[in-house]
Amino acid sequence: MKLANRNLVTIDDLSNEEMEALFSLADEMAGSIDAQYGLCRGKIMASLFFEPSTRTRLSFEAAMLRLGGRVISTVDVGATSLAKGESIADMARVVGSYADIIVIRHPWEGAARVVADYAGVPVINAGDGGHEHPTQTLCDLYTIRKERHSLERLRIALWGDLKHGRTIHSLIYALARFGASVLFCPGPGLELPEHVLRRLSTEYKGELKRCRNVDQVPERKLFPIDAVYITPSSPHQLAMLPDVSVRVELKAGVDALYVTRFQKERHVPTVEQQELKKKYPVVDKELLKGKEFAKTLVMHPLPRVDELACEVDSDPRSMYFKQAAHGIPVRMALIAILLGSREVVISRESRSFAQKMDYPVYRRDSGVKCCNRNCVSNQETETKYMKPEFRIVNNAPLTLRCIYCEHELHPGYVASADWHQGKLENKKYHSADSRWARKIKPENLIVFASEDEAQAQQFKPSNYVK
Ligand code: CP
C-alpha cells in the first residue's frame, strides 16, 4: 500500500500499520537529521495557518527545511484573498498549483477536507476548529511508543476540555484502534461530545461505562466530576454502572495522563464561561502523588495555561516538551512519505480494534443542514458550491453524520423518493421514528428538518406523522 499523494485530514486516514511504519521512519530520521537534507529538494510546502500556532507551524516548516524543501506561508486570513470573500475551494485550487503539499490550520470544522477535495496535491490537516488535529496525535503516539515501547492496550486518562479539544478527538480514535482503555475526565460542562462517544461504542467496539466518584474524599479529589471509561472489550454497549468508581478503574495504574487546556477560543465569552474556567481541574505534584500515577507519563499538546502546574516540569514523568520536540522527525517522515520522497514498508496484517463502516451517503439538495454553526458547510463563502453531505449512520433513531465536521443530527421527518414517482397524491412524509420510515431504502431517503419544510415541497402528512 502506498502513502504517496494521500491526504491526512483525520487520524483515520492512516491505518495502525501505516502509523507504525511512519514512526519507524521518524526514528531513522531522528537519528540522522542532517543526512535527510536534500530528500525533498525542489519541493514546495504551502503552510497556511489561519489560527495561532507555535509548535505545529514552526515544526512543519522546520521539517520541510531540514528535508531540503522550501516553504511558502501565510498566517493571517486578513493577508489573503479569503478576506475579500474568496472560497476555501478556490484558494485550495490556486495554492495547489503553486505548491507540492499543503498544511492548513483553519477555525472552521471540515475546512481541511474541502482543501483536500480541491487542491490536487497532498493536504495535511494541522487543526480544523474543534474537530481534529491528526499530526498532534502522531506526535503523542510517537512519544508514548518511545517511552512504553508499545501502543497496544494502553491505559490512558484524558483530562480537561474534552468537548472542544481537537487533539483529544484525534487521539481518542487512535487509542481506541490500538485497544486502549481510556478514562475521560472532563472539566465541568466540557464532556466529550455525544457523537464521539457514539462512534467509540459502535465503530471502535468500545464498552462505555459511566463512573461515579463514589469513593472520593473531599480533601483529595481525584477527578472533579463523574467520568466515562471505555475499554476495548465486547459486547459494546453503553452501560450505566453507578457503583463503579473512578478509583477502582484506576487501580491498575495509568500509562499516560493527557492534559488539555480550557479552549477559550471555542467558547462564547459569558459569565458562565468564566465560572467553568474557575472550576477547571489542575494537575499538580499533589495529584501525581497518587499510587495510580507512579509510572504515568504526564502529557499535554501545549500550549498550557493554568491547568498544568510548572512544578511538574522537572518531574521525570513530564513528557510535554518531548512531545513538541518529536514534531520535527514525525513531520519530516510524514512530509517525505506523502511527497513520495521516501517509501515505507507496511505490513498487511490488520491489528486495529476498529471496524471500517461503509455507511450510505445522503447528499440531496433538499433537507437538512449541519447543526454545527462552525462547520465549513454552513459558511456563506462555501455554500455557493457545496451541498451538505451526511453519512446515514443509524436508522433508529435516524442519525445523519456530517461528512465535514462529524456532528450528528436527527431529522424529524422523512419521505421516500420512489413512492411518489411523480404522482402528487403519493408525496407523503412520515415521522422519522415511525415504523414506516425505517423501511425507506437509503438511496430513496429524503429528510426534512420540519413539517413546514416537507409541505413547502408539496409533501402531505401520512398516517405515520405524530
Ligand atoms: N499542539 C499544538 O497544536 O500547538 P500549536 O497550537 O502551538 O501549534
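Computed from a predicted structure; not experimentally measured.

Undergrad: Give me the overall build of the chain: which residues, what numbers.
TA: When its secondary structure is counted, the chain shows 14 helices and 19 strands. The buried share among the 466 residues of the chain stands at 56%. For the chain, the share of sequence-separated contacts (at least 6 apart) that also reach a separation of at least 24 residues comes to 73%. Counting every atom, the chain has about 20500 Å² of accessible surface; 51% of that belongs to carbon and sulfur.

Undergrad: Provide a residue-level description of the site of the ligand, including the pertinent values.
TA: Every residue close to the ligand is listed here: S53, T54, R55, T56, R105, H133, Q136, P301 and L302. With respect to the ligand, the side chain of T56 contributes an N or O atom lying 2.6 Å from an oxygen atom. A distance of 3.0 Å separates a nitrogen atom of the ligand from a polar side-chain atom of Q136. Alone, the ligand offers 250 Å² of accessible surface; in the complex the protein occludes 91% of this.

Undergrad: Account for the packing of helix α5 (residues 134-148) against helix α12 (residues 327-338), naming residues and giving values.
TA: Across the interface, α5 lies against α12 with an axial gap of 9 Å and an inter-helix angle of 120°. Relative to α12, the element α5 lies oblique. The element α5 and its partner α12 pack so that their crossing is right-handed. Facing α5, whose interface residues are T135, Q136, L138, C139 and Y142, α12 presents G327, V330, R331 and L334.

Undergrad: Tell me about the confidence of the model for the chain, and please be specific about residues and values.
TA: Detail in the predicted coordinates should be disregarded across regions flagged by low pLDDT. Summing up the model confidence of the chain, the mean pLDDT is 88 and the portion of residues at 70 or higher is 89%. For the stretch residues 214-226, pLDDT sits under 50, and the model shows 38 contacts to residues farther than four places along the chain or on other chains. Here residues 234-244 is a poorly scored stretch, pLDDT under 50, and it has 23 contacts once near neighbours within four places are set aside; other chains count.

Undergrad: Can you lay out unusual backbone geometry for me, pointing to particular residues and giving the numbers?
TA: Glycine aside, negative phi is the norm for most residues, and most peptide bonds take the trans geometry. P303 follows L302 through a cis peptide bond whose omega is 5°. Along the chain, P303 falls in the loop between β11 (297-299) and α11 (320-325). Residue P397 is reached from A396 by a cis peptide bond, and omega for that bond is 0°. Within the secondary structure, P397 is located in the loop between β13 (390-395) and β14 (398-402).

Undergrad: For helix α2 (residues 55-66), give the residues involved together with the corresponding values.
TA: With twelve residues, α2 should reach 16 Å at 1.5 Å per residue; the first-to-last C-alpha distance of 16 Å fits that figure. Listing the buried residues of α2 in full gives T56, S59, F60, E61, A63 and M64. Looking at the buried positions of α2, the neighbouring elements they touch are β1 (44-49), β2 (70-74), β3 (101-106), β4 (123-128), α5 and α12. In the segment just after α2, G68 is the residue with positive phi, at about 85°.

Undergrad: So, the pattern of salt bridges: which residues are in play, and what are the values?
TA: All told, the structure shown has 24 salt bridges when counted by the stated rule. The salt bridge involving K146 is made with D27; its shortest N-O contact spans 3.1 Å. In this pair, K146 is assigned in helix α5 and D27 in helix α1 (residues 16-30), connecting sequence segments 119 residues apart. The partly exposed category is assigned to K146, whose relative accessible area is 39%. On the basis of relative accessible area, D27 is assigned to the partly exposed category, the value being 28%.

Undergrad: An account of a nonpolar patch on the surface is needed here, citing residue identities and associated values.
TA: Together, I72, V94 and Y98 give the surface a local cluster of nonpolar side chains, amounting to about 270 Å² of exposed area. Judged by its relative accessible area of 34%, V94 falls in the partly exposed class.

Undergrad: Break down the pairing of strand β16 (residues 413-416) for me, citing the residues and quoting the values.
TA: Going residue by residue along β16, you find Y413 and A415 tucked away on one face and V414 and S416 tucked away on the opposite face as well. As paired elements, β16 and strand β17 (residues 428-431) share two bridges and run antiparallel to each other. The partner of Y413 across the bridge, within β17, is S431.

Undergrad: Any details on the packing of aromatic side chains? Residues and values, ideally.
TA: According to the stated counting rule, one finds eight aromatic pairs in the structure shown. A centroid spacing of 5.7 Å and a plane angle of 85° characterise the contact between F262 and Y280, whose relative ring orientation is edge-to-face. Of this pair, F262 sits in the loop between β10 (256-259) and α9 (271-278) while Y280 sits in the loop between α9 and α10 (285-288); the two residues are 18 residues apart in sequence, bridging distant segments of the chain. Take F262 and Y280: they sit in the same class, and that class is buried. Put simply, the rings of Y413, Y429, F448 and F459 pair up and form one aromatic cluster.

Undergrad: Describe the sheet that holds β1, and please don't skip the residues or the numbers.
TA: Taken in spatial order, the four strands make up an open sheet running β2-β1-β3-β4, and their pairing is parallel. Edge positions in the sheet fall to β2 and β4, since each of these pairs with one other strand and no more. Ignoring which end each strand starts from, the neighbouring axes of this sheet average 15° apart. Here β1 runs beside β3; their pairing, made up of five bridges, is parallel. By the bridge assignment, F49 is partnered in β3 with R105.

The rules behind the values
Residues numbered from 1 in each chain as written. Predicted model: local features only at pLDDT ≥ 70, side-chain atom pairs only at ≥ 80, totals over all residues. Heavy atoms only, no water. Helix = DSSP H or I, 4+ residues; strand = E, 2+ residues; numbered from the N terminus. Buried < 20%, exposed > 50% of the residue type's maximum accessible area, 1.4 Å probe, protein only. Contact = heavy atoms within 4.5 Å. Areas by Shrake-Rupley, 256 points an atom, 1.4 Å probe, with all protein chains shown as cover. Near = heavy atom within 4 Å. Polar contact = N/O pair within 3.5 Å; in protein donor to acceptor, adjacent residues only side chain to side chain. Axes fitted to C-alpha atoms, helices over the stretch in contact; angles between N-to-C directions. Parallel < 35°, antiparallel > 145°, perpendicular 65-115°, else oblique. Left-handed = near helix turned anticlockwise from the far one by under 90°. pLDDT = per-residue confidence, 0-100. Expected span 1.5 Å × (residues − 1). Salt bridge = Lys/Arg side-chain N within 4 Å of Asp/Glu carboxyl O. Patch = residues over 30% accessible without salt bridge, like charges linked within 9 Å, V, L, I, M, F, W, Y side chains within 5 Å. Pairing = 2+ DSSP bridges. Phe/Tyr/Trp six-rings, centres within 6.5 Å; stacked < 30°, edge-to-face > 60°.

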